[in-house]
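Read off the chains here:
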Amino acid sequence: MQEIRIELSKTLKQKPADNELRFGRMFTDHMFLMNYDLGQGWHDPRIVPYGPIELEPSAMCLHYGQEVFEGLKAYRTADGSINLFRPDKNMARLNVSNERLCIPAIDEEFCVEAIKTLVNVEKDWIPSSEGTSLYIRPFIFAVDPMIGVHPAHHLIFCIICCPVGAYYPEGLDPVKIYVEQNYVRAVKGGMGFTKTAGNYAASLKAQDEAEQQSYTQVLWLDGVHRKYIEEVGTMNVFFVIDDEIVTPSLQGSILSGITRMSTIELLKSWGYKVSERQLSIDEVAQAYDEGRLKESFGTGTAAVISPIGELKWGDKVMHINNGEIGEISQKLYDNLTGIQWGKIDDPFGWIVKV
Ligand SMILES: *Cc1c(COP(=O)(O)O)cnc(C)c1O
């Protein structure tokens, strides 16, 4: 394995108080960098003071969006140790994104080590109040100074970190979501299954309109039939219909969430019937009308489990579980966060200690 050079910052920032933490605003003192150059491969891994990166205005990523990213967290446990949650899955998914965007593969094991090394350098930045964590953002972007359209020969892998507050300071709070009928996020054959900037650029307009109508996020339907449920803004989505827990199958247009994967494994271990299948919005609306739609929730690293209290589809407004948190949502939230913060046993071996 390559040696990671560490250059510590001479001046350290003032850390915010735990109750002042806001998502993605303040970054720690250091970052990880590594370069790719054709013929050399990935080289020169290093941890350096956090700061601006110099780019040519012609840098390819600025023009054609050849960029991929990941998102995971480091959790401070009661005994002061530091947990990562399935970081190997994040690095494996990064390589899935890389492959689709013609970005050279990374060494997954080495990159998990890089994350651990950076988190260890920044350990004093990991907050310890209930529900707080250190968000870790690995990303790769193309820097060839050239505006011809073709895959880059020069790229940068960077990892930055920011301390984040509790997503639900007052306990789980159900969100309002509406079903997007004008815009689509991705289609099969596109990049929907990758974590790449372009998917988010495609989603901004819908997100903006949803916020103007005081909805939190949109529920995307498939781009071809405009009928089958895909996912919510930054989350995968589940519906409890009768005794079946349904989530859309991975068919190339939605992201394979690590929280989704863990949710399915947990539910199955508890004996629930979980189906990954096509699910139309009509089926959800019909189940609602017949009183068979019991719960719905989103899954993602940021909120872990996000109960959906209201779902609007055209003129139809569905109040799911009276706008309250469902039993399954609460149980999943308690168990996933319990494992992440080391409060309960980790029977699956999901935790990686820093
Ligand atoms: C990151 C992301 C998710 C959630 O994935 P996790 O690995 O569970 O955090 C879901 N959908 C999209 C579009 C995402 O970018």
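Residues numbered from 1 in each chain as written. Predicted model: local features only at pLDDT ≥ 70, side-chain atom pairs only at ≥ 80, totals over all residues. Heavy atoms only, no water.

Describing the overall build of the chain
(1) Moving on: Summing up its helical and strand segments, the chain has seven helices and 18 strands in all.
(2) Moving on: Here the C-alpha radius of gyration of the chain, 21 Å, is about what a compact globule of 354 residues would show, namely 20 Å.
(3) Moving on: The dimensions of the chain, computed from C-alpha atoms along their principal axes, are 60 × 50 × 35 Å.
(4) Moving on: In the chain, buried positions account for 51% of the 354 residues.
(5) Moving on: The long-range share in the chain, meaning contacts at least 24 apart out of those at least 6 apart in sequence, stands at 70%.
(6) Moving on: Carbon and sulfur atoms make up 49% of the accessible area of the chain, which amounts to about 16,200 Å² in all.
(7) Moving on: Seen as two clouds, the 34 positive and the 48 negative side-chain charges of the chain have centres 1 Å apart. (Helix = DSSP H or I, 4+ residues; strand = E, 2+ residues; numbered from the N terminus. Rg over C-alpha atoms; globule rule 2.2 N^0.38 Å. Buried < 20%, exposed > 50% of the residue type's maximum accessible area, 1.4 Å probe, protein only. Contact = heavy atoms within 4.5 Å. Areas by Shrake-Rupley, 256 points an atom, 1.4 Å probe, with all protein chains shown as cover. Lys, Arg positive; Asp, Glu negative; His and termini not counted. Charge placed at Lys NZ, Arg CZ, Asp CG, Glu CD.)

Observations concerning the pattern of salt bridges
It is possible for side chains of opposite charge to pair when their charged atoms get near one another.
(1) Moving on: A full pass over the atoms with the stated rule returns 14 salt bridges.
(2) Moving on: Ionic pairing is found between Glu231 and Arg185, a salt bridge with its closest N-O pair at 3.1 Å. Of this pair, Glu231 sits in strand β11 (residues 229-232) while Arg185 sits in the loop between β9 (175-179) and α4 (197-212), and the two are 46 residues apart along the sequence. Side by side, Glu231 and Arg185 carry an identical accessibility label, which is buried.
(3) Moving on: When salt bridges with common partners are traced through the structure, they connect Asp242, Glu290 and Arg292 into a single cluster. (Salt bridge = Lys/Arg side-chain N within 4 Å of Asp/Glu carboxyl O.)

Describing the nonpolar core
Nonpolar side chains tend to gather and get buried jointly when the protein is soluble and globular.
(1) Moving on: Ranked by internal contacts, the top residues of the largest apolar core, which has 47 residues, are Phe32, Ile136, Ile140 and Phe157.
(2) Moving on: Aside from chain neighbours lying at most four places away, what touches Phe32 is Ile4, Pro45, Arg46, Ile47, Phe110, Ala114, Leu118, Phe157, Cys158 and Ile159.
(3) Moving on: Core analysis: the next-biggest nonpolar cluster, separate from the first, contains 22 residues, Leu221, Val232, Phe239 and Ile308 among them. (Core = buried A, V, L, I, M, F, W, Y, C linked by side-chain atoms within 4.5 Å.)

A few points about the packing of aromatic side chains
(1) Moving on: For the coordinates displayed, the defined rule picks out 13 aromatic pairs.
(2) Moving on: Between the aromatic rings of Phe27 and Tyr50, the centroid separation amounts to 5.6 Å while the plane-to-plane angle is 0 degrees, which identifies the pairing as stacked. Of the two residues, Phe27 sits in the loop between β1 (5-6) and β2 (30-37) while Tyr50 sits in the loop between β3 (41-49) and α1 (60-64), which places them 23 residues apart along the sequence.
(3) Moving on: Residue classification places Tyr50 among the partly exposed residues on the basis of a relative accessible area of 32%.
(4) Moving on: Between Tyr36 and Trp42 the ring centres are 5.4 Å apart and the planes differ by 65 degrees, which places this aromatic pair in the edge-to-face class. (Phe/Tyr/Trp six-rings, centres within 6.5 Å; stacked < 30°, edge-to-face > 60°.)

Some words on the packing of helix α2 (residues 87-100) against helix α3 (residues 108-121)
(1) Moving on: Axis separation between α2 and α3 bottoms out at 9 Å; the angle between their running directions is 125 degrees. One way to sum up the angle between α2 and α3 is to call them oblique. Between α2 and α3 lies a crossing whose hand is right-handed. Residues Pro87, Asp88, Met91, Ala92 and Asn95 of α2 lie in contact with α3, whose contacting residues are Glu108, Cys111, Val112 and Ile115.
(2) Moving on: For the contact of α2 with α3, the class distribution of residues is six nonpolar, one polar and two charged. (Axes fitted to C-alpha atoms, helices over the stretch in contact; angles between N-to-C directions. Parallel < 35°, antiparallel > 145°, perpendicular 65-115°, else oblique. Left-handed = near helix turned anticlockwise from the far one by under 90°. Nonpolar A, V, L, I, M, F, W, Y, C, P; charged D, E, K, R; others polar.)

Observations regarding the state of the cysteines
Defined simply, a disulfide is a covalent bond joining two cysteines at their sulfur atoms.
(1) Moving on: Tallying each qualifying case throughout the model produces zero disulfides.
(2) Moving on: Between Cys162, a free cysteine, and Cys161, which holds the nearest cysteine sulfur, the sulfur-to-sulfur gap is 7.8 Å.
(3) Moving on: We classify Cys162 as buried; its relative accessible area is 3%. (Disulfide = S-S within 2.5 Å.)

A short note on the site of the ligand
(1) Moving on: With respect to spatial proximity, 15 residues lie near the ligand, and among them Lys195, Tyr200, Glu231, Thr259 and Thr301 are the closest.
(2) Moving on: At a separation of 2.7 Å, an oxygen atom of the ligand approaches a polar side-chain atom of Lys195.
(3) Moving on: Residues that form the shell around the ligand fall into these classes: four nonpolar, seven polar and four charged. (Near = heavy atom within 4 Å. Polar contact = N/O pair within 3.5 Å; in protein donor to acceptor, adjacent residues only side chain to side chain.)

Here we look at a negative patch on the surface
(1) Moving on: A contiguous patch of negative charge on the surface is contributed by Asp88, Asp107, Glu108 and Glu109.
(2) Moving on: Tracing the chain through its elements places Asp88 in helix α2. (Patch = residues over 30% accessible without salt bridge, like charges linked within 9 Å, V, L, I, M, F, W, Y side chains within 5 Å.)

Points about the domain arrangement of the chain
(1) Moving on: Entries for the chain in the domain assignment read domain 1 (5-164) and domain 2 (175-340).
(2) Moving on: For domain 1 versus domain 2, the distance between C-alpha centres works out to 27 Å.
(3) Moving on: Opposite the 19 residues of domain 1 that make contact, domain 2 presents 21 residues.
(4) Moving on: Carbon and sulfur atoms supply 61% of the area that domain 1 and domain 2 bury against each other, a total of about 1,800 Å² over both sides.
(5) Moving on: The largest share of the area that domain 1 buries against domain 2 comes from Phe85, Arg93 and Arg100, three residues that together contribute 35% of it.
(6) Moving on: Linking domain 1 to domain 2 there are one salt bridge.
(7) Moving on: Ionic pairing is found between Glu265 and Arg86, a salt bridge with its closest N-O pair at 3.5 Å.
(8) Moving on: Our enumeration of links across domain 1 and domain 2 arrives at 12 residue pairs in polar contact (both at pLDDT 80 or more).
(9) Moving on: Residue assignment for the side of domain 1 that touches domain 2 shows that the elements contributing at least two residues are β4 (67-69), β5 (72-76), β6 (82-85) and α2.
(10) Moving on: Of the residues in the side of domain 1 that touches domain 2, the class split is seven nonpolar, five polar and seven charged. (Domains from an automatic or database assignment. Buried area = accessible area lost by both parts, 1.4 Å probe.)

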